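Chain by chain, the residues run as shown.
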Amino acid sequence: MRDEAGLIRAAAGGDTVAFEDLVLLKRERVVRTAYQITGDLEDARDVAQWVFLRLWKVLRRFDPGRRFDTWLYRITVNAAIDLLRQKGPREALGPLPDATDSLGADGSAGQDRVLDLAELQRAFLDLASRLAPKRRAAFVLHEIEGLPTGEVARALGIRESTVRNHLLMARSVLRAGLEREYPHLVPKPRGPAGPGGRS
C-alpha cells in the first residue's frame, strides 16, 4: 500500500484502487468519530458511507498544504450532526460492541478492570447524549481523538475560544452527571501523603 500522501494524490486524480485503500485506512476512524456523535453504530456506518461518497466527489479540491485528517473530521462531524438533528436526540447511547474486546487480551488488565472501563464508557455515552451536538463533537475530537484545540476549531469551523467554551461546558456537564448518577465511578480524592511523600 502506498503512503497516505501518495494515496490521496492518486485518489484525487481518479485512481479508484488508491481511493479504496484510502477508505480502508480511514474507515475505522470515521465510523468511531461518527458513532461518538450519533450514538448508534448503524447510523455511524451510514454516516461513514456518505462521507466516503462525498469524499470521492470532492477529493480533487483538497489542498495538500492542509492536514487531511482535519478536513476528513470536518466532513464526518458535519454529516453526523446533520443526521443527529434529523433523528432528534437519543435518550442514551450504547457502547460499541467491541469497545473492550482488546482490553486485557494480553493479560495486562484483569477482568474487573475491563468491566470498570466498559461501565465508564457506558456512563460517558449516556451523559454525552445530553450534550448539544457541536459541544459533543468538540469533546470527542479533543478528549477522545486527541486533536489540539486549534485543529478542533478548524474541523468544526469555529473559533478556538468557542472550542474552549464547548470543552469547559462539556466537562462540567459530564462531571456533574457522573457525581449525581454514577458516583461509584468518580475517582476518590487522594489522602494526604505520608512523611516525605508527595500529594
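Up top you'll find the structure we're talking about.
Just so you know, these numbers come straight off a predicted model, no measurement behind them. (Residues numbered from 1 in each chain as written. Predicted model: local features only at pLDDT ≥ 70, side-chain atom pairs only at ≥ 80, totals over all residues. Heavy atoms only, no water.)

Caption draft 1: Molecular detail of the overall build of the protein. Across its full length, the protein carries eight helices and zero strands. Mapped in sequence order, the helices and strands of the protein form the string α-α-α-α-α-α-α-α. Residues classed as buried in the protein amount to 41% of the 199 residues present. The contacts in the protein between residues at least 6 apart in sequence include a share of 66% that link residues at least 24 apart. (Helix = DSSP H or I, 4+ residues; strand = E, 2+ residues; numbered from the N terminus. Buried < 20%, exposed > 50% of the residue type's maximum accessible area, 1.4 Å probe, protein only. Contact = heavy atoms within 4.5 Å.)

Caption draft 2: Looking closely at the packing of helix H4 (residues 68-87) against helix H7 (residues 149-156). Axis separation between H4 and H7 bottoms out at 8 Å; the angle between their running directions is 50 degrees. In terms of orientation, H4 and H7 fall into the oblique class. The two elements H4 and H7 cross, and the hand of that crossing is right-handed. Between H4, through Thr-70, Tyr-73, Arg-74 and Val-77, and H7, the contact on the second element is made entirely by Glu-151, Arg-154, Ala-155 and Leu-156. Of the residues assigned to the contact of H4 with H7, the class counts are four nonpolar, one polar and three charged. (Axes fitted to C-alpha atoms, helices over the stretch in contact; angles between N-to-C directions. Parallel < 35°, antiparallel > 145°, perpendicular 65-115°, else oblique. Left-handed = near helix turned anticlockwise from the far one by under 90°. Nonpolar A, V, L, I, M, F, W, Y, C, P; charged D, E, K, R; others polar.)

Caption draft 3: Quick peek at the pattern of salt bridges. Considering all chains together, one arrives at eleven salt bridges under this definition. Between Asp-69 and Lys-26 there is a salt bridge whose closest N-O contact spans 2.6 Å. Linking Asp-69 in helix H4 with Lys-26 in helix H2 (residues 16-38), this pair joins segments that are 43 residues apart in sequence. Of the two residues examined, Asp-69 and Lys-26, each falls in the buried class. Note that Arg-32 and Glu-145 form a salt bridge whose closest N and O atoms lie 2.7 Å from each other. A residue pair is termed long-range when its members are at least 10 positions apart, and Arg-32 in helix H2 and Glu-145 in the loop between helix H6 (133-144) and H7 qualify at 113 residues. Each of Glu-4, Lys-26, Arg-29, Arg-67, Asp-69 and Glu-151 takes part in one network of salt bridges that share partners. (Salt bridge = Lys/Arg side-chain N within 4 Å of Asp/Glu carboxyl O.)

Caption draft 4: Quick peek at the nonpolar core. One finds Leu-55, Leu-59, Phe-68, Trp-71 and Leu-141 to be the most contacted residues of the largest nonpolar core, which totals 55 residues. Breaking this core down by element, the ones donating at least two residues are helix H1 (4-12), H2, helix H3 (41-58), H4, helix H5 (111-128), H6, H7 and helix H8 (160-181). The element that contributes the greatest number of residues to this core is H4, accounting for eleven residues. Aside from chain neighbours lying at most four places away, what touches Leu-141 is Thr-33, Tyr-73, Val-77, Gly-146, Leu-147, Val-152, Ala-155 and Leu-156. (Core = buried A, V, L, I, M, F, W, Y, C linked by side-chain atoms within 4.5 Å.)

Caption draft 5: Here's a closer look at the packing of aromatic side chains. Scanning the entire structure with this criterion turns up four aromatic pairs. For the ring pair Phe-62 and Trp-71, a centre distance of 5.1 Å and an interplane angle of 40 degrees mean the geometry is tilted. With respect to class, Phe-62 is no different from Trp-71; both count as buried. (Phe/Tyr/Trp six-rings, centres within 6.5 Å; stacked < 30°, edge-to-face > 60°.)

Caption draft 6: Here's a closer look at H7. Taken across its eight residues, H7 has seven buried, putting it largely inside the fold. Burial in H7 covers these residues: Thr-149, Gly-150, Glu-151, Val-152, Ala-153, Ala-155 and Leu-156. In this fold, the buried residues of H7 make contact with H4, H6 and H8. Following H7 by one or two positions, Gly-157 adopts a phi angle in the positive range, close to 70 degrees.

Remember that the coordinates give geometry; whether it matters functionally is a separate question.
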